[in-house]
Amino acid sequence: MRKRNESVTVEHERAAAAPVPLDKGCSLRHSLRLPAADTGMKRPLGRRYGLWFRLRKLIIWLLGVYIAIPFLVKLCPAIQAKLVFLNFVRVPYFIDLKRPQDQGLNHTCNYYLQPEEDVTIGVWHTVPAALWKNARGKGQLWFEDALGSSHPVILYLHGNAGTRGGDHRVELYKVLSSLGYHVVTFDYRGWGDSIGSPSERGMTYDALHVFDWIKARSGDNPVYIWGHSLGTGVATNLVRRLCERETPPDALILESPFTNIREEARSHPFSIYRYFPGFDWFFLDPITTSGIKFANDENVKYISCSLLILHAEDDPVVPFHLGKKLYNIAATSRSFRDYKVQFVPFHTDLGYRHKYIYRSPELPRILR
């Protein structure tokens, strides 16, 4: 019995001693796991901290740029002038303005005129669709003589950015041509392939030169002036000057017009600085300093010819209320007392926005 008890005691002691290596193993494994768990916690924390640091750095950098731009514009008014004209934006790209037929204008001729020394402007002349067959293969002299045919002429003054070959502009030429009009359009100095530096005075003088060039060839045919967007500022400058010298056009058409460039810049939906303290001083005053006014609201007080204003309610570039305000100024002006002044709005549901009024099936009736 004693021996048995001793054997049991020995076995019990062995059993008690047996877990010792296991405990060491467990403690070893436990010691191995702890550092791994610590590293796993530190990595996400470090990653999140690094991401937040980079994000905060980016926000500070963007805020610095946002604050610096107004001061840069104030110190360099030429920057604001470029933003008004956007003549450096040439769309569509990679088109040859010498070849209007590449844009589907097979009855169009490309000219180059010289309003002033060291200034050359590119001109397109699209004849009425009825003369399409006769125009095939003809040169500049034939097209110039064609202005004397019994068809009215529209001098089209485009807006900022792009060239005379812009898609929506080309589509308008086609529509007007199909309605029986000659369409003469050009790129102001500094736009497209025209040579010179852009300015409001220069753009107006270019338009005056082209108008006189048309009148010298069109005889007694009616000549209308059509301005779009920034081109409405050129158009009213031109027509005011023509009325002052007593050679007004037969009518003025303003598509998507504004009152003046300051109100347009203040109302422009893309102006992220409109609520910036000192917005006028930082942004609008440099425009005036650069000699840019495009004062349609002042010009219409000195214009004496029929006026038609077209504006889409969903225009995202020139707010509809500016076109309506210009109409109200013109309608009450004594200079228009003997002439018709008409405002034609296009409902938002039509989706004509800033440059697609040419799609309206009502346009032939409106122009007529």
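Residues numbered from 1 in each chain as written. Predicted model: local features only at pLDDT ≥ 70, side-chain atom pairs only at ≥ 80, totals over all residues. Heavy atoms only, no water.

- Looking up the chain in an unreviewed UniProt entry gives the name Lysophosphatidylserine lipase ABHD12, with the organism given as Pampusana beccarii.
- Quoted verbatim from the Sequence similarities (unreviewed entry) field of the UniProt record, the comment on the chain reads "Belongs to the serine esterase family."
- UniProt's Catalytic activity (unreviewed entry) comment on the chain is quoted here verbatim: "Hydrolyzes glycerol monoesters of long-chain fatty acids." (UniProt positions renumbered as here; feature names shortened; annotations may be inferred.)

## What about the nonpolar core?
Part 1 of the reasoning: Core analysis: the biggest nonpolar cluster contains 60 residues, and F85, L155, L157, F186, I225, L252 and F294 have the highest contact counts within it.
Part 2 of the reasoning: Counting contributing residues per domain, this core is built from domain 1 (54–85 + 274–292) and domain 2 (91–273 + 293–367), each supplying no fewer than three.
Part 3 of the reasoning: Other than its neighbours up to four places away in sequence, L157 contacts F186, Y188, A207, I225, W226, G227, H228, G231, V234, A235 and L238.
Part 4 of the reasoning: Core analysis: the next-biggest nonpolar cluster, separate from the first, contains 25 residues, I95, I154, V344 and Y358 among them. (Core = buried A, V, L, I, M, F, W, Y, C linked by side-chain atoms within 4.5 Å. Buried < 20%, exposed > 50% of the residue type's maximum accessible area, 1.4 Å probe, protein only. Domains from an automatic or database assignment. Contact = heavy atoms within 4.5 Å.)

## Notes on the sheet that holds strand β4 (residues 182–186)
Part 1 of the reasoning: Strand order in the open sheet formed by eight strands is β1-β2-β4-β3-β5-β6-β7-β8, with mixed pairing between adjacent strands. In this open sheet, the two strands that pair with only one neighbour each are β1 (108–116) and β8 (341–346). Going across the sheet, the axis of each strand differs from the next one's by a mean of 20°, ignoring polarity.
Part 2 of the reasoning: Direction of pairing for strand β3 (residues 153–157) relative to strand β5 (residues 223–228): parallel, over a ladder of five bridges. The residue bridging L155 from the neighbouring strand is I225, located in β5.
Part 3 of the reasoning: The strands that helix α8 (residues 230–244) touches are β3, β5 and β6 (251–255); relative to β5, the one it contacts most, it runs at about 145°. (Pairing = 2+ DSSP bridges. Helix = DSSP H or I, 4+ residues; strand = E, 2+ residues; numbered from the N terminus. Axes fitted to C-alpha atoms, helices over the stretch in contact; angles between N-to-C directions.)

## Description of unusual backbone geometry
Part 1 of the reasoning: Residue V91 is joined to P92 through a cis peptide bond whose omega torsion reads -5°.
Part 2 of the reasoning: On the secondary structure map, P92 appears in the loop between α3 (77–85) and β1.
Part 3 of the reasoning: Of note in the backbone geometry, D118 takes a positive phi value of approximately 70° without being a glycine.
Part 4 of the reasoning: On the secondary structure map, D118 appears in the loop between β1 and β2 (119–126).
Part 5 of the reasoning: Using a relative accessible area of 61% as the deciding quantity, one classes D118 as exposed.

## Quick look at the confidence of the model for the chain
Part 1 of the reasoning: Chain-level pLDDT for the chain is 86 on average; 80% of the residues reach the 70-or-more range.
Part 2 of the reasoning: Counted against residues more than four places away or in other chains, residues 1–6, with its pLDDT under 50, gives zero contacts.
Part 3 of the reasoning: Every residue in residues 22–32 scores below 50 in pLDDT, and together they form zero contacts with partners more than four places removed in sequence or on other chains. (pLDDT = per-residue confidence, 0-100.)

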